[in-house]
Amino acid sequence: MEITAKCPYCGGEMRDGALPAYKYPLAWCPRNEQGGIVEGEPVRLSKTPVLGGVYASARYCESCRVVIVPVPEIETFTDRAGKWLDKTLGSLGEKIDRASECREEEQAERKREERRKKDPWEV
Ligand SMILES: [Zn+2]
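These numbers were taken from a predicted model, which means no experiment stands behind them.

Remarks on a nonpolar patch on the surface
A grouping of W84, L85, L89, L92 and I96 is seen on the molecular surface, where their side chains present a nonpolar patch of about 520 Å² in accessible area. In this structure, L92 sits in helix α1 (residues 77–117). By relative accessible area, which is 41% here, L92 ends up partly exposed.

What about the pattern of salt bridges?
All told, the structure shown has two salt bridges when counted by the stated rule. For R15, the salt bridge is made with E62, and the minimal N-O distance between the two is 3.2 Å. With R15 in strand β1 (residues 15–21) and E62 in the loop between β4 (54–61) and β5 (66–68), this residue pair connects regions lying 47 residues apart in the sequence. Under the relative-accessibility criterion, R15 is labelled exposed at 54%. You can call E62 partly exposed: its relative accessible area is 48%. Across the salt bridge formed by E109 and R112, the nearest N and O atoms sit 2.9 Å from each other. Residue E109 and its partner R112 are located together in helix α1, separated by three residues, close to a single helical turn.

The rules behind these values
- For every chain, the first residue of its written sequence is number 1, and the numbers climb from 1 along that sequence.
- In view of the model being predicted, local features appear only for residues whose pLDDT reaches at least 70, and side-chain atom pairs are presented and counted only at 80 or more, with totals across whole chains, interfaces and linings using the full set of residues.
- Side-chain metrics in this entry use all non-hydrogen atoms of the structure; hydrogen atoms and water are not considered.
- In this analysis, a patch consists of residues with relative accessible area above 30% that form no salt bridge, clustered at 9 Å for like charges and at 5 Å for the nonpolar side chains Val, Leu, Ile, Met, Phe, Trp and Tyr.
- Only the protein chains shown count as covering a residue, and every accessible area follows the Shrake-Rupley method with a 1.4 Å probe.
- Criterion for a salt bridge: a side-chain nitrogen of Lys or Arg within 4 Å of a carboxyl oxygen of Asp or Glu.
- Where helices and strands are cited, they refer to DSSP runs of H or I of at least four residues and of E of at least two residues respectively, numbered from the N terminus.
- Residue burial is assigned from relative accessible area. The probe radius is 1.4 Å, only protein chains are included, and a residue is buried under 20% of its type maximum, exposed over 50%, and partly exposed in between.

Written out as structure tokens, the structure reads:
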């Protein structure tokens with residue numbers, strides 16, 4: 001759904017604005033059955049403020065007293081760390097595979113060598 005300047009409730013004009021985040025990234029958290037907030041699976045609405053504040057774009061309808069915040073595509077540090085880990089572990093896995101292939105070749109070579117050294121007349 002595209003977020004337009006039109007309020008989905010009353011059809012009126014929504015004012016363009018933003019929610020500032022100064023210390024912590026803005027996030028929406030679901031409620032559990034007890035009415036508490038589940039912080040483990042937040043929906044990120046803003047980037048993490050580093051030096052200055054960051055903002056989450058939002059629209060506000062004065063007559064409905066509603067603020068609508070579209071969820072932006074934000075790559076979190078955890079996402080990036082995960083990708084980096086996948087990449088690193090992936091290439092590490094390749095290296096390990098290659099190393100074990102080399103070891104198998106070495107073993108085969110050693111066996112051939114042993115067979116060659118063996119006295120052909122010995123049974
Ligand atoms: Zn409205």
